[in-house]
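Spelled out, the chains give:
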Amino acid sequence: MMLSACRNLAMLLIAGGAYATPATFEAQAPIQLQGNGPYYRLTLPMQAMLAAHDPTLADLRMTNASGENIPFSLIRQSGHNEQQQLHASLTPFPLHGDASNANEPLTVQVERNTSGTIVRVEQGQSQETKAAPIIGYLLDASKIDTPLISLDIEWDAAVTGFQRIEIQGSDDLQHWRSLTDGQLARLEFNGQRISQQRIELNGTKARYLRLLWRAPANAPSLSKVSLRYGDQAWQPAPTVWSPPMQATRSAQNELTLNLPRAIVIDQLDIQLPQTNTLLPVHIAGKYDTKQPWATLTNGVVYRVQQGNSEWTHTQLALTGQPLRSLRIHADERSGGFGQTPPTLRIGSTAYQVIFLARGNPPYQLQIGQPSLKTTALPINTLVPGWGSSQAPAIDSAVLGTMQHTTEPTKQTAFGLAEQIDWKRAALWAVLLVGVGILGGMVWQLTRTKPKNKS
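Since the model is a prediction, treat every value here as computed from it, not as a measurement.

Conventions adopted
One numbering rule holds for all chains: residues counted from 1, following each sequence as written. Only residues with pLDDT of at least 70 are given local features in this predicted model, and only at 80 or more are side-chain atom pairs given and counted; all residues enter the totals for whole chains, interfaces and linings. Here the side-chain values reflect all heavy atoms present in the structure, with hydrogen atoms and water set aside. Put simply, the grid is 1 Å and covers the protein atoms alone, a cavity is a trapped set of points that fit a 1.4 Å probe, a pocket is an open set with protein on both sides within 12 Å along at least five of seven lines, and lining residues have an atom within 4 Å of a point. Grid points are joined across faces, edges and corners, and a volume is the space filled by probe spheres set on the points. When residues are sorted by character, Ala, Val, Leu, Ile, Met, Phe, Trp, Tyr, Cys and Pro go into the nonpolar class, Asp, Glu, Lys and Arg into the charged class, and all the rest, Gly among them, into the polar class. Working definition: helices are DSSP H or I runs of at least four residues, strands are E runs of at least two. Numbering for both runs from the N terminus. Relative accessibility decides the category of a residue: with a 1.4 Å probe and only protein chains considered, values under 20% of the type maximum give buried, values over 50% give exposed, and everything between is partly exposed. The charged-residue count follows a simple rule in which Lys and Arg add positive charge and Asp and Glu add negative charge, with His and chain termini not counted at all. Whenever a carboxyl oxygen of Asp or Glu lies within 4 Å of a side-chain nitrogen of Lys or Arg, that contact is scored as a salt bridge. In protein, a polar contact requires one atom able to donate a hydrogen and another able to accept it; more generally it is a pair of N or O atoms within 3.5 Å, and residues adjacent in sequence count only if both atoms are side-chain atoms. The contact criterion used is simple: two residues touch if any of their non-hydrogen atoms lie within 4.5 Å. Here, a strand pair is defined by DSSP locating no fewer than two bridges between the strands.

K.L.:
Just to check I follow, could you spell out empty space enclosed by the protein for this structure?
P.N.:
A water-sized probe rolled over the atoms picks out the places where empty space is left. For the coordinates displayed, the defined rule picks out two cavities of 30 Å³ or more. Approximately 30 Å³ is the volume found for the second largest cavity. In terms of lining, the second largest cavity is formed by Met49, Ala52, Asp54, Pro55, Leu57, Ala262 and Ile263. Looking at the lining of the second largest cavity residue by residue, the class counts come to six nonpolar, no polar and one charged.

K.L.:
So what exactly am I meant to see when it comes to the side chain of Arg228 here?
P.N.:
Tracing the chain through its elements places Arg228 in strand E17 (residues 222–229). Despite its burial, Arg228 pairs with no opposite charge, the nearest such side chain being Glu200 at 4.1 Å. A polar contact of 2.5 Å, which involves the side chain of Arg228, links it to the side chain of Gln85. If we ignore the near neighbours within four places in the chain, the residues touching Arg228 are Gln85, Leu86, His87, Leu148, Ile149, Ser150, Asp152, Arg198 and Glu200.

K.L.:
Hey, could you run me through the pairing of strand E11 (residues 148–155) in this one?
P.N.:
Put simply, side chains in a regular strand alternate between the two faces of the sheet. Of all eight residues that make up E11, seven are buried, and the element is covered over most of its length. Where E11 lies against strand E15 (residues 198–204), four bridges are found, and the strand directions are antiparallel. The residue of E15 that forms the bridge with Ser150 is Glu200. Here E11 runs beside E17; their pairing, made up of seven bridges, is antiparallel. The partner of Glu154 across the bridge, within E17, is Lys224.

K.L.:
Hey, could you run me through unusual backbone geometry in this one?
P.N.:
Glycine aside, the phi torsion of most residues is negative, and most peptide linkages are trans. Look at the link from Gly37 to Pro38: it is a cis peptide, with omega at 5 degrees. As for its placement among the helices and strands, Pro38 is situated in the loop between strand E1 (27–34) and strand E2 (39–43). Looking along the chain, the bond that leaves Pro361 and enters Pro362 is cis, with omega of 5 degrees. Mapped onto the elements, Pro362 comes out in the loop between strand E27 (351–356) and strand E28 (363–367). Look at Leu173: it is not a glycine, yet its phi comes out positive at around 65 degrees. Relative to the assigned elements, Leu173 resides in the loop between strand E12 (161–170) and strand E13 (177–189).

Take a look at the structure:
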């Protein structure tokens, strides 16, 4: 019976040590909501990532005022192409011709000003040509060097119905190629209006555009044409940075940075204290202190001053893998680090947390608990219709100041504390004492000899 009770006590203590409560997390922070929700999005700062015991943030939890877990998803942001869109108003020059031969080649005389822009279009001198119906329009896009995105077309408000149109492109006003077919529409019924005034050009390039009506006899006169244009620019994923860290000088031209635990590092910023410094550097890293060093990258960092201008390049891209230690070796031929070594910042691609505000505020984020499995949901599960126009709106949230909830016992080289879970340590101590008492009782029983009956 005594053995069974001790075994049950041990199981309860072990279970209690593994159960994650807010008090057992290394750090927590309040969440400030902005908007009406119920879905919110916040970006994790580097302080939260440094507090995590798992590089994938499996030990992150979110709770409401009742201490209930609230559902969330983790998204590690990525770079993307972003369309840079500009607008230009184009003058529509009418083109006259035979409605039955609208697709026949057109002979036009173009007059440009000194900047090369078309100011007038003539189609011969005969009265017959001038009296012919308008079969299309000529647009001058010669000042635009970037891809053409779309045309927004306005016409006489009294004209309703559908209008089929062909868009042609040319670079010399002589040789034309078909770009796309489009359909314009304006419909009205009982005070309701349906309008389609945009024609997509799908990023084509052309100095001149020609709009030809499929049915010129029923086509309206254009009053305004607006061109959307622009190129795609690569937008890198946002990065969150640590505060400056002081590395250990492990050799004359070598610095070593040891982190309290492994973290995914995408960039390293070597902040050079002295101007006119240029250093070829070799960066190595490792996940565990027992592993050998592995090369991450080679690069050149510099800070050069000339007059009032300064040229700097101090950030190097790394491999984006979990690392606990970094080693930076400087080429001694360039003078090395000098008397004052640089400070370092580590950068990691930002994580976004999208969550559903279940229950009552205030809401809190907790992180920093070893051996926990993730409770994050797939984003498609958390947000119905994610990525489509049917998905619910997501408001913003901001993480407040991170508060450490466990006692620091050891300072790292750059001043960050490694934590000990005192609650778990106390539970294990009680367990060991109980086992010791049980062992003593068993020992006493084995030494006691029964008396012989006479």
